[in-house]
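# Commentary on secondary and tertiary structure
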Amino acid sequence: MNRLIAALFAATAAVASPAIASPAIATFPPETQAKVDALSPEKKAFVDDAAALAGFGLTPDKLAVEFAKRSAADVDAYVGALMAVVADSKFQPGSDAGEIALNPNASNFNASTVLRPAMFDKLWREPGPFSLDRYMYQKGGIPTFAHAPVAIRREDLIAGKVEVAFVGVPADFSSGWRDAKHGPALLRAMGGLVGSEVDSLVNPNVELRLADYGNLAIDYMAPERGLDHIQMMIRDIATTGAVPFIVGGDHSISFADIAGVVAAYGKGTVGLVQLDAHPEDDEEGDHRITDRQTTARLLSDGIVAGKDIVQIGLRGPAADAATLKRLRDEGVRYHTMAAVAERGWEAVSDQVIEQARAGPANVFVSFDMSVLDPSAAAGVGRPVPGGLTMREATPLVRRLCAETRVVGFELLDPAPVLDPTYQTTMAGNTIMHACLTGIAMRKKGLTQADYANALSAGGK
Amino acid sequence: VFDVCQIGDARGPAPASNARFKATNVAHNGRRSARFFAALLPAERHAMRLTTSSVWAIVGGGVTLAALVAATVAPSQQTAPGAVRPGDALAVEKPLYAPPEPVVIPTDLLSKLQALPAGRLAFVKSGKTRRFAGPETMFERFRKATPAEILAYVDAMISLEDQIQFKPGRDAASIPLAVNSPRFNAWKIKRPAILDPKRQPGPIELGRYIGGYGSGFSTFANAPVALTLEDLKAGKVDVAIVGAPLDMGSGYRNAIDGPKALRVTGGAGGNDMYSMVNPNRELNIVDFGDIAIDQMSTERSVEHIRAEVAAIARTGAIPIVIGGDHSLEYPNLAAMADVHGKGKVGVVHFDSHYDAGRDRVHLIDHGQPVYRVIHEGHVRGRDYIQVGLRARSPDLETFDWMREQGMKYHTMVEVEAHGWEAVMERAVAEAKKNTDKLWISFDVDVLDPAFMPGTGTPVPGGLTMREAQPIMRRLCAENNIVGIDIVEVAPYLDTSYKTALNSNFLLNACLTGIAMRKKGLTAPHYLSPISSEHGQDNYYGAPR
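Throughout what follows, the structure given in this document is the object of discussion. The model shown is predicted, which means the values in this text are computed figures rather than measured ones. (Residues numbered from 1 in each chain as written. Chains lettered and ligands numbered in written order. Predicted model: local features only at pLDDT ≥ 70, side-chain atom pairs only at ≥ 80, totals over all residues. Heavy atoms only, no water.)

### Let's talk about the sheet that holds strand S5 (residues 270-275) of chain A
Residues and elements named next belong to chain A. Applicable threshold: Strand pairing is assigned whenever DSSP detects at least two bridges linking the two strands. A run of H or I in DSSP becomes a helix once it reaches four residues, and a run of E becomes a strand once it reaches two; helices and strands are each numbered from the N terminus. Every angle, taken between N-to-C directions, lies between 0 and 180 degrees, and every axis is a line fitted to C-alpha atoms, over only the stretch in contact when it is a helix. Whether two residues are in contact is decided by their heavy atoms, any of which lying within 4.5 Å being enough.
Read across the open sheet, the eight strands follow the order S3-S2-S4-S9-S8-S5-S6-S7; overall the sheet is parallel. Among the strands making up the open sheet, the edge pair consists of strand S3 (210-215) and strand S7 (333-336). The sheet shows a mean angle of 15 degrees between the axes of neighbouring strands, direction not considered. Relative to S3, strand S2 (residues 164-169) is paired through four bridges, and the arrangement is parallel. Bridged to Val-164 within S3 is Leu-210. The sheet strands contacting helix H13 (residues 321-330) are strand S6 (309-314) and S7, and the helix crosses S7 at an angle near 145 degrees.

### So, empty space enclosed by the protein
All names here are of chain A. The criterion, for reference: Detection works on a 1 Å grid of protein atoms alone, calling trapped sets that fit a 1.4 Å probe cavities and calling open sets with protein on both sides within 12 Å along at least five of seven lines pockets, with lining residues defined by an atom within 4 Å of a point. Grid points are joined across faces, edges and corners, and a volume is the space filled by probe spheres set on the points.
Going through the model one piece at a time under the given rule, you end up with six cavities of 30 Å³ or more. The volume enclosed by the largest cavity comes to roughly 60 Å³. Every residue along the wall of the largest cavity is listed here: Gly-271, Leu-272, Val-273, Lys-307, Asp-308, Val-310, Arg-333, Gln-355, Ala-356, Gly-359, Pro-360 and Val-363. If you tally residues by element for the lining of the largest cavity, the top one is S5, at three residues.

### A few points about the packing of helix H19 (residues 465-478) of chain B against helix H20 (residues 498-518) of chain B
Residue and element names in this part refer to chain B. Here is the rule we go by: Relative orientations are named as follows: roughly parallel for angles under 35 degrees, roughly antiparallel for angles over 145 degrees, roughly perpendicular for angles from 65 to 115 degrees, and oblique for any other angle. Left-handed describes a crossing in which the near helix is turned anticlockwise from the far one by less than a right angle; the clockwise case is right-handed.
Interaxial distance between H19 and H20 falls to 7 Å at its minimum, and their mutual angle equals 30 degrees. It follows from the interaxial angle that H19 and H20 lie roughly parallel. Relative to H20, the crossing made by H19 is right-handed. Taken together, the residues of H20 that come into contact with H19 (itself represented by Met-465, Ala-468, Gln-469, Met-472, Arg-473, Cys-476, Ala-477 and Glu-478) are Asn-502, Phe-505, Leu-506, Ala-509, Cys-510, Thr-512, Gly-513, Ile-514, Met-516 and Arg-517.

### Details of the environment of Ile-175 of chain B
Take Ile-175 of chain B: it is sitting in strand S1 (residues 174-176). Once the C-alpha coordinates of Ile-175 of chain B and Asn-504 of chain B are considered, the two residues, 329 residues apart in sequence, prove to be 38 Å apart.

### What to know about helix H6 (residues 72-89) of chain A
All names here are of chain A. This is how the line gets drawn: Multiply 1.5 Å by the residue count of a helix minus one, and that product is the helix's expected span. Three labels apply to residues, based on accessible area from a 1.4 Å probe with only protein chains included: buried if under 20% of the type maximum, exposed if over 50%, partly exposed otherwise in between. Each direction from the helix axis to a C-beta atom contributes to the arc, which is the arc of those directions.
Compared with an ideal rise of 1.5 Å per residue, which puts 18 residues at 26 Å, H6 spans 26 Å between its outermost C-alpha atoms and is within 8% of the ideal. Taken together, the buried positions of H6 are occupied by Asp-74, Val-75, Tyr-78, Val-79, Ala-81, Leu-82, Val-85 and Ser-89. Each buried residue of H6 sits inside an arc of 145 degrees when the element is viewed along its axis, so together they form one side. Lining the buried residues of H6 we find helix H2 (30-37), helix H3 (41-47) and helix H5 (60-68).

### Notes on the state of the cysteines
What counts here: Two cysteine sulfurs form what is called a disulfide whenever their separation falls within 2.5 Å.
All chains considered together, the criterion is met by two disulfides over all chains. Shown here is the disulfide that connects Cys-401 of chain A with Cys-435 of chain A, its sulfur atoms set 2.1 Å apart. Between Cys-401 of chain A and Cys-435 of chain A the disulfide shows an S-S torsion of about -95 degrees. By sign, it is left-handed. With Cys-401 of chain A in helix H16 (residues 390-403) and Cys-435 of chain A in helix H17 (residues 423-443), this pair connects stretches of sequence that are 34 residues apart. Note that Cys-476 of chain B is cross-linked by a disulfide to Cys-510 of chain B, the S-S spacing being 2.1 Å. On the sign convention where negative is left-handed, the bridge of Cys-476 of chain B and Cys-510 of chain B, at about -95 degrees about the S-S bond, is left-handed. Separated by 34 residues along the polypeptide, Cys-476 of chain B in helix H19 and Cys-510 of chain B in helix H20 bring together distant segments of the chain. Using a relative accessible area of 1% as the deciding quantity, one classes Cys-476 of chain B as buried.

### Some words on the pairing of strand S4 (residues 318-323) of chain B
In summary, the side chains of a regular strand alternate between the two faces of the sheet. All names here are of chain B. Extensive coverage of S4 is indicated by the burial of six of its six residues. Residues Ile-318, Ile-320 and Ile-322 line one face of S4 and the alternating positions Pro-319, Val-321 and Gly-323 line the opposite face, and both faces are buried. In this structure, S4 lies alongside strand S9 (residues 481-487), joined through three bridges in parallel fashion. Its bridge partner being in S9, Ile-322 is matched across the sheet by Ile-486.

Structural data, given as structure tokens:
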């Protein structure tokens, strides 16, 4: 029994500490140990591999129970079956398709992403953002982000010297609940993205040249296939000098968003501040990109270095020991909700700003709505309880956008259908308004730490 | 400016820090992976020079998709180069459409356009211009334009035409997967039996009490659970209900929760008052769990579903597949062809949509299963009966195609013209005549959204429960059912219980029909003489 407890302790220690690479050798009660000793060296090694066992939800303790009731032959078969699962999980050349065939004979193979030249417009217009308002002081009307004028082509952004270009990317491949495709439309239709902000008393709609650049085309049947188009379009927004404000869409687009901005500014010149409950660092997927793999891809493809990534709000099962270990080894500065509990939000917030300021000259802010607590945003694809409040997230986003040079922003994984109220969409717009305000503050030179207007905050 | 093509594509030697992702880095050679992630399509580069926006906007409101696809040019290549496919792969299509209708150049423009180089003039005459501008719009332009402007305009159309079509070397004909992933097949690996305590094969009762009160585990129709084909065989199972939570629909998603919603909501299982038959008593029904799904690829999922559904059917059990989106109709009927032979099974397809879309980039989605089933010969067009169609499609051209296939479609227009009773009789009679084996593919959006708000692509003006239940019961009693599917339940769109309850009652209507048939109650529209009136007098005359 003591050995069992020792084995259990060893297993617990192996999971709890990041030192997964050197697992304790499992030991069993004598009768069971005899069955284990009879195994082939490969099978014995498998039984001793804590990480492999964890993949099956097993520990030496659990195995001891399973082995005790089985004959030696069945123990052998049991381990053989586990090893067969590992082997069979791998790609089998010859019987597995290594790729998903498309229909090259489709007569509109590329049509959804081919851009329409201006010469095919029925009517001529001068390039530049144009208003959809009928009235000087229009209420309602045709919804656009921040009630901004519309830009259809890159020339419109250039002609209008647009500083912030909103763009919807309605990809809908969340590995949780889906409906992110309705994010852009419902955030456009929701308030909260217009007017003065009370801490700074800055009104970004007055200070900045904004445009709503519409939505980008998506292949709704494959997360992989639309990304090159998104990346090109985001790059082409960024190279006009405008800051793309990307409204998702599930998290799989994040790779293309960030790669597009990095393409515009250059590798090593853009840091990533990622507010998200999930590290998105799954590196073993059978697809080359999904919402859970974007950080892993950014790192593996060398688009953003680990040391230039700051993550805030991690919690839930995806932030496991192995993942955090990998992130730490990559140099990623992560701040889990455990860190927030330990050190308090103010301290974490200050440290995030400090780390972002110490990194590359340009910053991309990635805001997955799951970073918020479900009480603040229920309509989210992969919600995790225990997240940030609006009073924590909003000031941090505003500060990031005022105190660092933000060149791109994304708001990801809304699932509005899950929230029958206005709360999620208003929260999303409020977060975007916070960044918009920060960018306007920076333009006005209000970049001191945690700036608040004395008229409003009482001489802070 | 940084070259976007260098990001994320098949890099040369990976930097040391990239070794962690070798699974994908070494995944593929060749140009497909080389341009897969980041590469800027040359077509897109070209388009950016021209300027922006989507070709769909060009056709505007007045021109339909049919007109768009009518303007097809046969691509030079007909198969996906290098695609490794196992035996049951989706068949790549041949080009589908005839060349576009040529345009006639108005006499007043003849001399002006004669100045165009010969190739450009031929392009204008070919009608390929139709997808970019209607002939009248185009000619009006030409009247006002200089010859140089006309040439630029035609060249832009030729360029767009080139960009839109698949071009080998420029476009990827397939989506590469991460073949070095240790989890490549993990999503569909079966759990080895040896991990669990030994047990006799057969349906597993989850009940604890003699009185039949369950133990709190929710199963389809309150049925016992079967995990393996041996369980189905040992239990001589008549009906195996299986979930297939494929969630790639084009409207609202959430079909992923369809099987769960039907399991946790009542309404399936128990006595049917119309027949006074209790399917749970007459039939060996099991909950066969869920079929594994790759939620990032319908194409990958359907191959596995096809094999699983066929395996169920080969045990002699009737598979009832609870979706999941309507793509499932394709693997289900391909499986029936695998088991019973091609052309041996007829179909009744309940749906507000015709689902025979074609000529799309993806070989299967929830708008194409009917086309694909017919195209691959699993079911003959003449054995396809459709009930409840009323969505925006099909257009006239596609109705023509459906008639050419011999399909028997019954739209809500027919219901409006002739009444439900007549349409139901006609569809039931056709089902009996077509084949001696019948599959029912039941998309819950055939019902009015009043009854089924929780569905991905709802369309108003649909069937009522009092119309849908009798035809389900009748089809399942009066035909040899080889399987059914109930698809497109998206519970999050319905904050009430009614979508799941109604779906379960429709499931029970068919289970009842199958049980009635087993008892020999196959008379047309059989209703129980006991429950259909009190019988205290002779009010209705002789019993029906």
